[in-house]
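Here's the letter readout for the chains.
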Amino acid sequence: MNGKAIIKFLVVVAVIIGTFAYCIEPLAGSLKQGLDLQGGTHIVLEAEDSATGKADNDAVERAKQILERRINEMGLSEPLVQREGARRIIIELPGVKDPDEAIKRIGKTAVLEFKNDQGQTVMTGDDLKDAKEELGQNKQPLVAIELSDEGGAKKFADLTSKNIGRRIAITLDGQELTNPVVQQAITGGRATISGSQSLEEAKDLAILLRSGALPVKINVLEVRTVGPSLGGQDSKDKSIVAFSAGIAMIMIFLVILYRLSGIVANIALLVYVMLLLLVLGKGFTATMTLPGIAGIILSMGVAVDANILIFERFKEEVFSGKSMRVSMEAGFSRALATITDANVSVIITAGILTILGSGPVKGFAISLGVGVVVSMFTAIIVSRFLLRMLIECNFTNHPFWFGANISPSTSADEFAPKVLKGGKRK
């Protein structure tokens, strides 16, 4: 045995297991839950013709994009915003339990107007470049607006310079937000809107102003609060138990079938789970749904399958008379082409579903595609690295302990071809 190699291997294994135990809960918690897991609000909207515009296909599509932008800026867990028919828009908001609050935040037409003291509209929200909430003097909540350089700033300068000592009103959907007296001309293209009762209200107003006005009038046809499809926390807990039991059975199977190699595969599987949750939770800020969970489970099967291919190739090389280290390297090299071909085809399919699909289909495709890419990394890089370290420890030279179905007393040297006369081998 190689004492230094054994210590190095055990330290690496301990670090991986310790990191997994420490990080798994926060990594899992970084995944937001979708509507089918935690419930939320389901809204059906319909566009209608009005004096401001006709509800044609282009107007409804623009309205959908504006609604989606408003919801995304609110930081909600991956909402579903999709069209239904010619004029309807379906919105699902995971975790939102107050339908009235949801409608208040996203359903406003958000037509911003600047009016002089005669009530004439001089400017609109089209001249707006940005809007942000902030606290003013005495911690008063305000919305700071920045007007566009293409004409908004000049229009506002003209409006204020011509109305010094008079009031100008700023309205949203006809409702007055503020009606200040102009003290001097404002030429910097910046102003503030007061009247918000809280910083949260100012934030909502800023989101509406940034996202722009809806091109058509939107009516609310249906609003309902829906529960999780899994049937509540009890069902989710049972699903977690079932998932954990399945993983445990896979790990036990690998150890029974491949012994030391199975232990390596299990350690690599821990790395796979951590990387997958890190990429989905932190990189993609994904929202987990039932189809997404299905994609993760399927990709875990792919990860285990890649290790099985490698270990079977490894055994074949041992039986051909090669040393343990050479057999390991050859096994990885020979299995690489098969693993790559199989996984690339799955990645291409997942990419097509991601591009063409939406909602649950897209969530499944993203989880599957990311999972397959991570599984290739852990199988080809992590498993190989750990198996090299294991063989370097020189625990044993018996292929049985690496999964070969032979007597535990048979060493790898017994498979080496014997040298005959003339330098030829059997």
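Further up the page is the structure itself.
What you see is a predicted model; the values in this text were computed from it and never measured. (Residues numbered from 1 in each chain as written. Predicted model: local features only at pLDDT ≥ 70, side-chain atom pairs only at ≥ 80, totals over all residues. Heavy atoms only, no water.)

What the rule picks out here adds up to 4 aromatic pairs. Note on Phe114 and Phe156: the rings are 5.9 Å apart at their centroids and 75° apart in plane angle, and the pair reads as edge-to-face. Of the two residues, Phe114 sits in strand 5 (residues 112-115) while Phe156 sits in helix 5 (residues 152-161), which places them 42 residues apart along the sequence. On the basis of relative accessible area, Phe156 is assigned to the buried category, the value being 2%. (Phe/Tyr/Trp six-rings, centres within 6.5 Å; stacked < 30°, edge-to-face > 60°. Helix = DSSP H or I, 4+ residues; strand = E, 2+ residues; numbered from the N terminus. Buried < 20%, exposed > 50% of the residue type's maximum accessible area, 1.4 Å probe, protein only.)

Moving on to the sheet that holds strand 7 (residues 128-135). Spatial strand order, 7-8-11: 3 strands in an open sheet with antiparallel pairing. Each edge of the sheet is formed by a strand with only one pairing partner; in this case those strands are strand 7 and strand 11 (190-193). Sheet twist, expressed as the mean angle between neighbouring strand axes with direction ignored, is 25°. Of the strand pairs in this sheet, strand 7 and strand 8 (residues 141-147) are connected by 7 bridges, and their pairing is antiparallel. The partner of Leu128 across the bridge, within strand 8, is Leu147. On top of the sheet, helix 6 (residues 199-211) reaches strand 7, strand 8 and strand 11; it is set at about 175° to strand 7, its chief contact. (Pairing = 2+ DSSP bridges. Axes fitted to C-alpha atoms, helices over the stretch in contact; angles between N-to-C directions. Contact = heavy atoms within 4.5 Å.)

Residues Pro99, Ala102, Arg105 and Ile106 constitute the buried set of helix 4 (residues 99-106). For helix 4, the buried positions fall inside an angular range of 125° around the axis, keeping them on one side. (Arc of directions from axis to C-beta.)

That is the geometry; function is a separate question.
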